[in-house]
Every structure is written in structure tokens, then in C-alpha cells.
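Chain and residue survey
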Amino acid sequence: RMLTAPDLGDFPMLYMSDPGYMIVTAEEKTALRRYLTKGGFLWVDDFWGDAEWRQFAEVMRDVLPGREWTVLPNDHPIFR
């Protein structure tokens with residue numbers, strides 16, 4: 001699996017398309033948590049409705065416990 005690849009940390013960015021209803025093992029969640037907490041960047045897009053988004057958000061709550069999504073305003077510096 002990609003998320004448990006030994007060279008995952010060699011890539012500064014991961015891209016997931018259409019991740020709704022994805023199934024992630026405990027080992028993959030641990031690997032993704034390690035990747036993200038060491039500075040890795042995850043770009044995710046293409047959700048087909050609120051149910052897919054909610055399921056993805058639930059998986060990410062397991063990956064990064066204690067963290068919540070934050071809506072960034074349009075004037076946030078990241079958009080510059």
C-alpha cells in the first residue's frame with residue numbers, strides 16, 4: 001500500500017482524488033499520521049456529497065486525533 005511505503009517521507013506532497021468511503025488500516029493511519037506530523041502535505045479533492053466528506057473527516061480524526069477542520073477565510077495568507 002502507498003501509505004505504508006518505506007519511502008513515503010521522500011515525497012513532500014501526497015494527492016488523493018475521490019477519497020470518499022476509503023478504507024484505511026490502522027497501520028496506514030499510523031503511517032499517514034507520521035508523514036503529516038513530520039511536515040508532509042496532503043492534497044485531497046473530488047468529494048461526491050456530504051456523506052463522502054463526513055466519512056473522510058472521520059478517518060482523518062483517527063489519523064490526527066484531537067485536531068479539527070478549520071475553514072480558512074479568503075484573506076488567509078496561504079492564499080497569497
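I will try to describe carefully the structure that is included in this document. (Residues numbered from 1 in each chain as written. Predicted model: local features only at pLDDT ≥ 70, side-chain atom pairs only at ≥ 80, totals over all residues. Heavy atoms only, no water.)

**Considerations on the pattern of salt bridges**
For the structure on display, the rule yields three salt bridges. When the shortest N-O distance is used, the salt bridge between lysine 29 and aspartate 62 registers 3.0 Å. Taken together, the positions of lysine 29 in helix H1 (residues 26–37) and aspartate 62 in helix H2 (residues 50–63) put the pair 33 residues apart, joining distant regions of the chain. Its relative accessible area of 37% is what places aspartate 62 among the partly exposed residues. Across the pair glutamate 58 and arginine 61 runs a salt bridge, and its minimum N-O distance is 3.2 Å. Taken together, the positions of glutamate 58 and arginine 61, both in helix H2 and three residues apart, correspond to about one turn of that helix. By sharing partners, the salt bridges in this structure join Glu58, Arg61 and Glu68 into a single network. (Salt bridge = Lys/Arg side-chain N within 4 Å of Asp/Glu carboxyl O. Helix = DSSP H or I, 4+ residues; strand = E, 2+ residues; numbered from the N terminus. Buried < 20%, exposed > 50% of the residue type's maximum accessible area, 1.4 Å probe, protein only.)

**Some remarks on the nonpolar core**
With 15 residues, the main nonpolar core has Leu14, Leu32, Leu36, Leu42, Met60 and Val63 as its most contacted residues. In terms of residues, this core owes the most to one element, H2, which gives four residues. (Core = buried A, V, L, I, M, F, W, Y, C linked by side-chain atoms within 4.5 Å.)

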